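Spelled out from the first residue to the last, the chains are:
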Amino acid sequence: MSVEDPNYLDELVRLQVLQLRRSMANQAEAIIELGNAGFSNARIAELLGTTAATVRNARIRAKND
């Protein structure tokens, strides 16, 4: 895959998310980090293989803690 490939950036983001998930104790921590980085709930859900509702709930719980 080369830099000119339109999927290059998306693949790079997915690899970074995989690395993030491995470094986090749980999915909620990864959700918070990605949210802090500016990703939308829908994009976080797509990257982590979960639902936007799960992401939203994790972010709400984190705000309340």
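Residues numbered from 1 in each chain as written. Predicted model: local features only at pLDDT ≥ 70, side-chain atom pairs only at ≥ 80, totals over all residues. Heavy atoms only, no water.

A. Region of interest: the pattern of salt bridges. Applying the stated criterion to the full structure yields four salt bridges. Between Arg 14 and Asp 10 there is a salt bridge; the shortest N-O distance is 3.0 Å. Of this pair, Arg 14 and Asp 10 both sit in helix H1 (residues 8-23), four residues apart, roughly one helical turn. Residue Arg 43 pairs with Asp 10 through a salt bridge whose shortest N-O separation is 2.5 Å. In this pair, Arg 43 is assigned in helix H3 (residues 41-48) and Asp 10 in helix H1, connecting sequence segments 33 residues apart. If you follow the salt bridges from partner to partner, you end up with Asp 10, Arg 14, Arg 43 and Glu 46 in one network. (Salt bridge = Lys/Arg side-chain N within 4 Å of Asp/Glu carboxyl O. Helix = DSSP H or I, 4+ residues; strand = E, 2+ residues; numbered from the N terminus.)

B. Representation of the environment of Ala 58. Along the polypeptide, Ala 58 turns up in helix H4 (residues 52-64). For the pair Ala 58 and Ile 31, spaced 27 residues apart in sequence, the C-alpha to C-alpha distance is 7.2 Å. Filtering out sequence-adjacent residues up to four positions away, Ala 58 remains in contact with Ile 31 and Ile 32. (Contact = heavy atoms within 4.5 Å.)

C. Geometry of the confidence of the model for the protein. Looking at the protein as a whole, the pLDDT averages 87, with 95% of positions reaching at least 70. Taking the mean pLDDT of every element in the protein, the minimum, 84, falls on H1 and the maximum, 94, on H4. (pLDDT = per-residue confidence, 0-100.)

D. Structural view of the nonpolar core. Membership of the largest hydrophobic core comes to 13 residues, with the highest contact counts inside it found for Val 17, Ile 31, Leu 34, Ile 44 and Leu 48. Looking at this core, the elements with two or more residues in it are H1, helix H2 (27-36), H3 and H4. Setting aside its immediate chain neighbours within four residues, Leu 34 contacts Val 17, Leu 20, Phe 39, Ile 44 and Leu 48. (Core = buried A, V, L, I, M, F, W, Y, C linked by side-chain atoms within 4.5 Å. Buried < 20%, exposed > 50% of the residue type's maximum accessible area, 1.4 Å probe, protein only.)

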